Amino acid sequence: MTRHALRRYALRLVSLVTALGLWQLLTGLDVDLWLRFSQFPTVTDVAHAFAGRLTGSDYWTDLTDSLTRILAGFLLAAVLGVAVGVLVARSRLAEDLLGPVLEVVRPIPAIALVPVAILLFPSNEQGIVFITFTAAFFPVLVSARHAVRALTPVWEEAVRTMGGGRWRILGSVVLPGALPGIFGGLSVGIGVSWICVISAEMISGQYGVGYRTWQDYTVVDYPGVFVGMVTIGVLGWVTSTAVELLGRRLTRWLPRTSYVPGGRSRSVVLPAPASARVPVVVKAEGDSQYQSDAQQQGSGETEQEARDEHLV
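The shown structure was predicted, so the numbers you read here are calculated from the model rather than taken from an experiment. (Residues numbered from 1 in each chain as written. Predicted model: local features only at pLDDT ≥ 70, side-chain atom pairs only at ≥ 80, totals over all residues. Heavy atoms only, no water.)

Caption draft 1: Spotlight on the packing of aromatic side chains. Scanning all chains against the criterion turns up nine aromatic pairs. When the ring of Trp 23 is compared with that of Phe 226, the centres are 5.5 Å apart and the planes differ by 40°; the resulting orientation is tilted. Highlighted residues: Trp 23 in helix H1 (residues 3–28) and Phe 226 in helix H10 (residues 222–250), separated in sequence by 203 residues. Overall, the relative accessible area of 14% leaves Phe 226 in the buried class. With a centroid separation of 5.3 Å and an interplanar angle of 45°, the aromatic rings of Phe 121 and Phe 130 are classed as tilted. You can call Phe 121 partly exposed: its relative accessible area is 26%. Linked through ring pairs, Trp 23, Phe 37, Phe 40 and Phe 226 together constitute an aromatic cluster. (Phe/Tyr/Trp six-rings, centres within 6.5 Å; stacked < 30°, edge-to-face > 60°. Helix = DSSP H or I, 4+ residues; strand = E, 2+ residues; numbered from the N terminus. Buried < 20%, exposed > 50% of the residue type's maximum accessible area, 1.4 Å probe, protein only.)

Caption draft 2: Region of interest: helix H9 (residues 209–218). Among the residues of H9, Val 209, Gly 210, Thr 213 and Asp 216 are the ones counted as buried. Along the long axis of H9, the arc covered by the buried residues comes to 125°, so they all point the same way. On the buried face of H9, the contacting elements are helix H2 (43–54), helix H3 (57–90), helix H8 (166–204) and H10. With its phi angle positive at about 60°, Val 220 sits one or two positions after the end of H9. (Arc of directions from axis to C-beta. Contact = heavy atoms within 4.5 Å.)

Caption draft 3: View of the pattern of salt bridges. Counted under the stated rule, the structure contains nine salt bridges. For Glu 125, the salt bridge goes to Arg 69, with nearest N and O atoms at 2.9 Å. With Glu 125 in helix H6 (residues 124–149) and Arg 69 in helix H3, this pair connects stretches of sequence that are 56 residues apart. Taking relative accessible area as the criterion, Glu 125 reaches 37% and is therefore assigned partly exposed. Relative accessible area serves as the criterion here: at 3%, Arg 69 is assigned to the buried category. Between Glu 103 and Arg 106 there is a salt bridge, and its shortest N-O distance comes to 2.9 Å. (Salt bridge = Lys/Arg side-chain N within 4 Å of Asp/Glu carboxyl O.)

Caption draft 4: Structural context of the nonpolar core. Ranked by size, the top nonpolar core spans 50 residues in total, and within it Leu 102, Ile 131, Phe 137, Leu 186 and Trp 194 carry the most contacts. For this core, the secondary structure elements donating two or more residues are H3, helix H5 (114–120), H6, H8 and H10. With 14 residues, H8 is the largest single contributor of residues to this core. Aside from chain neighbours lying at most four places away, what touches Phe 137 is Ala 77, Leu 80, Gly 81, Val 84 and Leu 102. (Core = buried A, V, L, I, M, F, W, Y, C linked by side-chain atoms within 4.5 Å.)

Caption draft 5: Fine view of the packing of H1 against H2. Two elements in contact, H1 and H2, have axes whose closest approach is 8 Å; the angle formed by their N-to-C orientations is 110°. Judged by the inter-axis angle, H1 sits roughly perpendicular to H2. Only Val 43, Thr 44 and Val 46 of H2 make contact with H1, whose side of the interface consists of Leu 20, Trp 23 and Gln 24. Taken together, the residues of the contact of H1 with H2 sort by class into four nonpolar, two polar and no charged. (Axes fitted to C-alpha atoms, helices over the stretch in contact; angles between N-to-C directions. Parallel < 35°, antiparallel > 145°, perpendicular 65-115°, else oblique. Nonpolar A, V, L, I, M, F, W, Y, C, P; charged D, E, K, R; others polar.)

See the structure below:
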């Protein structure tokens, strides 16, 4: 690990410790200016409540139930959202048939669909998964649709020129080219899913982090409420990071921009494959000027062919 990376992690740790210290200071001194920090539990109170929850079985049961609901709804939304988004972006018929319905339903908050879920599904568990699915579906759909429409037609025409059909274009151009935008929608969708599943558990759940947080609020157990809030934040961060890391791994072929101190950025160009290397031809023995020009020309052609290969 480089010194620059260690410095960044140290700054993040200092930021977190500073926030916790400020919280402890304001609540410990019962500061009441415009905001009433005297009503808040201190960091030590929340830590003691957290330690007590970790030793019990209910906490882990709630954690497992919430994660199961999130994963079931999110995976379903990821598959259907990408499929419908690509279909709407590539087919005018699908856009005319599905577009109006999707645009009318999309602005409705997922939490507003809780009564609909209660009426439609025979169990609360299925209804909560439906709420989670609905919350993540539309961000994924919109991001996939815009990512596909933003692709340059040159790539598709190149595949058609080489004899590729519709499925070849879909697998070689559309999906790889749209992956960065799709994973942006997936990152947003997993965060919105956590918001909505917690709200759904508060209303119609029997177990889960949201249900337990609401129960703590009803019995005026504010340290327990903050335990639920911290748990939700950590789970949301872990799942969002997992989606982002998966997206980076699946888009390794993209050129990356690395951070350089001083406000400059440096593009990281992938090395050209061996098949793209251009041999150097020397006109005459001892003609160093011509050899240098040929090497420069071959290097430029090599980089251009490498870029074209990665784009296709």
